[in-house]
Each structure stands twice: as C-alpha cells, then as structure tokens.
Amino acid sequence: MRLFIDTAKLEDIEWGLKTGAMRGITTNPSLLAKEPKGNYLVHLGKIVELIKQHVPLENRKGFSLSVEVFSDEPDEILAQAREFVEKLQWPALAVKVHIDHRGRDNLVLINQLSRSGISVNCTACMTVYQAMTAAAAGARYVSLLWGRIRDGGIEEKFAKEREELIASGKLRKEDFDPAVAVKETRILLERFYPKSKIIAGSVRTPSDVKDASLAGAHIVTVQPKVLREMFGHFKTDEIVDQFFSDFKAWSN
Ligand code: E4P
C-alpha cells in the first residue's frame with residue numbers, strides 16, 4: 001500500500017513530503033478552492049517545486065502528482081489536460097477526469113488522453129462497473145471514493161435513487177460497501193487490466209486507510225488530518241511523559 005497526500009495546501013504538502021512517507025500527491029478543484037485565490041497553474045507549479053525540493057532524486061521520477069480538470073466540456077477537458085502536462089512538466093503527472101456527470105460519460109476522452117500518452121486518473125468512481133470501464137478505456141488509475149461510496153448507501157437524500165437501483169437489480173446492497181467495491185475491482189483489474197491501479201480516495205479515518213489497504217487498494221489518499229490521526233495515541237502520550245519525568249527525576 002502506498003500513501004498519497006490529498007491536499008492543495010502548500011504547508012501540509014511540504015510537511016507530508018518531508019516525512020518521506022508519501023509516494024504522491026492528489027488534489028481536486030474543491031481542495032484548490034480552499035487555498036488563497038490566485039492562478040491555479042501558479043499554485044500547481046509551487047507544488048511541483050516542493051516535490052523537487054523535498055523528494056530525493058532517486059524517488060522523484062515516479063513521484064505521482066494528480067491534478068483534476070474543472071470542466072465538463074470535452075474540448076476544455078482536453079485543453080486543460082494538455083495545459084497541465086505542458087506547463088507543469090512533471091513526468092509522473094496524472095490528469096484526473098471524472099468518469100461521468102449526469103449521464104455524460106468521459107470514456108472517449110479518457111481513451112483519447114491515454115492513447116496520446118497522458119496518464120489519466122479516472123476519478124469520482126463509486127462502483128466496480130465505473131472503475132472497470134475506466135480501466136478498459138485506458139485509465140492508469142481508477143479512484144474509488146471510499147467515504148462517498150459508503151455515504152451513498154446511507155444518505156437519506158438519495159434513498160429513492162438507491163432503492164430504485166437495488167430494486168431493478170442494477171446494484172446490490174453490498175455495492176455500497178466500499179470494501180466490496182475495492183476488493184472486487186482489484187480481482188478484476190488483476191485479471192483483465194493489470195496496468196491500472198486502484199486509488200482509494202475520500203478516506204476519512206485511520207481505519208478507512210487500513211480497511212482500504214486490506215481490501216486491495218494499491219494506493220490510499222490521506223488528507224493531512226487523517227495522517228496526523230494515524231500517529232497519535234493516548235497511551236503513547238502517557239509513556240513518553242513517563243520517559244521524560246523518570247529521566248528528569250533520576251538526572252536531578
Ligand atoms: C481523491 O482523489 C478525492 O478527490 C478526494 O479524496 C475526495 O474526498 P472527499 O470525499 O473528502 O471530498
């Protein structure tokens with residue numbers, strides 16, 4: 001399992017890079033929109049500079065950076081993808097393209113971009129079917145959004161949509177369990193599209209990170225808050241307090 005830090009905040013990215021525990025960075029338009037207003041390419045350029053500054057040369061070539069398009073228009077998506085590649089000049093850049101939006105799929109674009117040599121991270125996937133079609137179209141990564149898949153199984157506002165899908169047999173109840181979605185996608189990818197890798201995004205707790213990894217995600221994205229929660233424990237605090245106080249008492 002490899003961890004990618006999921007943020008556009010430069011201070012958090014710098015910290016994540018300095019830990020040496022990150023193998024990539026993922027961003028999305030909502031994460032960018034949390035940052036001070038400005039030119040997105042300038043901001044993304046600063047992320048690339050941080051990678052160059054903090055990732056050792058031997059790991060840099062494969063250090064993944066996912067940047068997402070912010071349009072639904074095919075021509076704009078292609079233009080944005082090419083602009084990211086040209087302006088950022090990052091060898092392991094992946095362009096995030098959503099699988100579908102209100103009945104308008106991006107499979108043709110995913111195929112076109114992939115065939116032209118641009119790595120695509122197909123994002124906003126909620127089911128094994130979306131992930132498999134994205135992989136079949138050439139996506140290098142398929143992002144299954146763990147927390148949002150789970151939300152889809154319980155949110156009251158989507159009760160009607162959910163019940164209709166289950167009643168029609170298009171989805172099963174267990175398809176709203178992210179562990180099932182990741183596990184089944186992994187089995188099918190290994191068999192049919194081994195070059196495509198699963199990114200588990202929308203991960204909200206340390207146990208989500210563990211469960212996604214055990215379910216078969218190749219990569220798990222972690223927001224800085226979740227990463228920090230993975231380190232802390234009240235018993236760790238207790239024993240470290242004890243080390244310091246015991247040593248102080250002895251040395252005085
Ligand atoms: C990752 O690639 C996704 O963009 C991100 O994790 C979405 O997470 P959210 O559900 O917290 O918005």
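- Per an unreviewed UniProt entry, the protein goes by Transaldolase and derives from Candidatus Ryanbacteria bacterium RIFCSPHIGHO2_01_45_13.

**Remarks on the site of the ligand**
Step number 1: Near the ligand you find Asp 6, Asn 28, Lys 96, Leu 145, Arg 148, Gly 201, Ser 202, Arg 204, Thr 221 and Gln 223, and these make up its full shell.
Step number 2: With respect to the ligand, the side chain of Arg 148 contributes an N or O atom lying 2.6 Å from an oxygen atom.
Step number 3: In the environment of the ligand, an oxygen atom lies 2.7 Å from a nitrogen or oxygen atom belonging to the side chain of Ser 202.

**Some details on the sheet that holds strand β3 (residues 64-68)**
Step number 1: Strands sit in the order β1-β2-β3-β4-β7-β8-β9-β10 around a closed barrel of 8 strands; the barrel is parallel. Each neighbouring strand pair of the sheet contributes to a mean axis angle of 25 degrees, computed without reference to strand direction.
Step number 2: Along the sheet, helix α3 (residues 40-54) makes contact with β2 (22-26) and β3, crossing β3 at roughly 175 degrees.
Step number 3: Sheet strands in contact with helix α5 (residues 74-88) are β3 and β4 (93-98), and its direction is about 165 degrees off that of β4.

**Notes on the pattern of salt bridges**
Step number 1: All chains considered together, the criterion is met by 14 salt bridges.
Step number 2: Notably, a salt bridge pairs Lys 225 with Glu 229, separated by 3.1 Å at the nearest N-O pair. Of this pair, Lys 225 and Glu 229 both sit in helix α12 (residues 224-231), separated by 4 residues, roughly a single helical turn.
Step number 3: Salt bridges linked by common partners bring Arg 172, Glu 174, Asp 175 and Glu 184 together as one network.

Conventions adopted
- Residues numbered from 1 in each chain as written.
- Predicted model: local features only at pLDDT ≥ 70, side-chain atom pairs only at ≥ 80, totals over all residues.
- Heavy atoms only, no water.
- Near = heavy atom within 4 Å.
- Polar contact = N/O pair within 3.5 Å; in protein donor to acceptor, adjacent residues only side chain to side chain.
- Pairing = 2+ DSSP bridges.
- Helix = DSSP H or I, 4+ residues; strand = E, 2+ residues; numbered from the N terminus.
- Axes fitted to C-alpha atoms, helices over the stretch in contact; angles between N-to-C directions.
- Contact = heavy atoms within 4.5 Å.
- Salt bridge = Lys/Arg side-chain N within 4 Å of Asp/Glu carboxyl O.

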